[in-house]
Structure formats: C-alpha cells, structure tokens
Amino acid sequence: MKVFNILTAIFLLSQTLVWAQGTDSYGTSFKVNTTSNHENGVFEKIGVKDTVMTQVSGTIVEVCKSKGCWMKVDIGNQEQVFVKFKDYGFFVPTDSENGKVVMNGIAFVEEVSIDEQRHYAEDAGKSKEEVIKITKPKRTLRFEASGVQIEK
C-alpha cells in the first residue's frame, strides 16, 4: 500500500509540475488542485445567493476584445461560465480563445440585467442587431477569479 501511495503522490506532483511549466499565470499564483478534477459541478449545487471558493477548469470560448477584462469559459455539459477578475486587478490576453484554463476563485450564480448583457455583447463586438435582441434578464454562471493559469 505504501508503494501505491508513493507512486500516486509522484504522479500527481509530476502532473502539477508539467501543468505549471506549460502555463501562463495571471493574478494571484495558486497551486492547481489535481485531486479534485476542478469543481466544475459546483454550479449544480449552488443557488442565486450562494458563493463557493473553488477551482474551475475549461476552455476559453470568448475574451473581451478591448482589454481582456472578462472571458467566457466552456466547463463541459454544454455550460459556460462568465469570468471576471478580482478587483479588476489583472487581465488575460485578448487572443486567449481556445486556451485550456484553470481558475482559482469564487463561483456563484447571478441574474444578469438586460443593460449589462448588452454592454458585454458590445464589448465582444456583436452587431447592433444582435445587441437589440437581448430583451430579458438571464440566469448565468459566474466566477470571480483571483488567479488564472492558461495552458500554452
């Protein structure tokens, strides 16, 4: 049993080191939790007023083209999470689409107003016709990242 535990620990450490060497980090540095498979299912367990400190991973689908001040991340199960950065303290590259990402921070669910949805649509470069089609509030998965690691 000791041999198995030692081999498992070595494997997890090597995976963490491989991930860390092949990533660009933004915000507060953090150690990727390789044992939790990143808590992507956390959004199924929380309501509109709940918050959970966790790590979430996925693929970057969209980034603010102005500054890189927000991004949308596909977390699987046909779900996307909208990510902002803690205290507007860092940004990600505006060409980060399709990058694999691990984020450390706070997960929550929010109802987004029509005005805010339209603002983000404009930031993303959507046409005026697409922006005008936004006519009702939307329940959305949100994440405030204190740190982000994007695979190179």
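Right, let's walk through the structure included here. (Residues numbered from 1 in each chain as written. Predicted model: local features only at pLDDT ≥ 70, side-chain atom pairs only at ≥ 80, totals over all residues. Heavy atoms only, no water.)

Some details on the overall build of the chain
Put simply, the rule is: Only DSSP runs of H or I covering at least 4 residues are called helices, and only runs of E covering at least 2 are called strands; the numbering of each starts at the N terminus. The classification of residues rests on relative accessible area computed with a 1.4 Å probe and restricted to protein chains. Under 20% of the type maximum is buried, over 50% is exposed, and intermediate values are partly exposed. Should any heavy atoms of two residues lie within 4.5 Å, those residues are counted as being in contact. Reported accessibility uses the Shrake-Rupley method at a 1.4 Å probe radius. Residues are deemed covered only where the shown protein chains occlude them.
Scanning the chain for helices and strands turns up three helices and six strands. Reading the chain from its N terminus to its C terminus gives the helix and strand order α-β-β-β-β-β-α-α-β. Here the chain holds 152 residues, and 40% of them are scored as buried. For the chain, the proportion of contacts with a sequence separation of at least 24, taken over those separated by at least 6, is 70%. Accessible surface, the chain: about 9300 Å² in total, of which carbon and sulfur atoms supply 53%.

A short note on the pattern of salt bridges
Threshold: Each reported salt bridge corresponds to a side-chain nitrogen of Lys or Arg within 4 Å of a carboxyl oxygen of Asp or Glu.
Summed over the entire model, instances satisfying the criterion amount to five salt bridges. As a salt-bridge pair, Lys72 and Glu62 come within 3.7 Å of each other at their nearest N and O atoms. Taken as a pair, Lys72 in strand β3 (residues 70-76) and Glu62 in strand β2 (residues 51-63) lie far apart in primary sequence, 10 residues in all. Residue Glu62 is classed as buried on the basis of its relative accessible area, which comes to 13%. Put simply, Lys65 and Glu97 hold a salt bridge, and the shortest N to O gap is 2.4 Å. Taken together, the residues span a long stretch of sequence, with Lys65 in the loop between β2 and β3 and Glu97 in the loop between β4 (79-85) and β5 (100-112) at a distance of 32 residues. One salt-bridge network, held together by shared partners, links Glu110, Glu116 and Arg142.

Remarks on the side chain of Thr23
Along the chain, Thr23 falls in strand β1 (residues 23-27). Each residue touching Thr23, except ones within four places of it in the same chain, is listed here: Gln149, Ile150, Glu151 and Lys152.

Here's the deal with the nonpolar core
A general feature of soluble globular proteins is that nonpolar side chains tend to end up buried together. Inclusion rule: Here, nonpolar core refers to any group of buried Ala, Val, Leu, Ile, Met, Phe, Trp, Tyr and Cys residues whose side-chain atoms link them within 4.5 Å.
Among the nonpolar cores identified, the biggest contains 24 residues, and Phe43, Met71, Met103 and Val148 are the most heavily contacted of them. Taken together, the elements giving at least two residues each to this core come down to β2, β3, β4, β5 and β6 (138-151). The greatest single-element share of this core, amounting to five residues, is contributed by β6. If sequence neighbours within four positions are ignored, Met103 has contacts with Phe30, Thr54, Gln55, Val56, Met71, Val73, Val81, Val83, Phe143, Ala145, Gly147 and Val148.

Focus: the state of the cysteines
Counted only if it meets this: In this description, a disulfide is simply a cysteine sulfur pair whose atoms lie within 2.5 Å.
Applying the stated criterion to the full structure yields zero disulfides. Between Cys64, a cysteine without a disulfide, and Cys69, which holds the nearest cysteine sulfur, the sulfur-to-sulfur distance is 3.5 Å. Under the relative-accessibility criterion, Cys64 is labelled buried at 1%. Overall, Cys69 belongs to the buried group, its relative accessible area being 11%.

Focus: the packing of aromatic side chains
Spelled out, the test is: Any two of the Phe, Tyr and Trp rings considered here, Trp counted by its six-membered ring, make a pair once their centres fall within 6.5 Å; the pair's planes then place it as stacked at under 30 degrees, edge-to-face at over 60, or tilted in between.
Using the criterion set out here, one finds five aromatic pairs in the structure. An angle of 65° between the planes, with centres 5.9 Å apart, marks the rings of Trp70 and Tyr120 as edge-to-face. In this pair, Trp70 sits in strand β3 while Tyr120 sits in helix α2 (residues 114-123), placing the two residues 50 residues apart along the sequence. Both residues of the pair, Trp70 and Tyr120, belong to the buried class.

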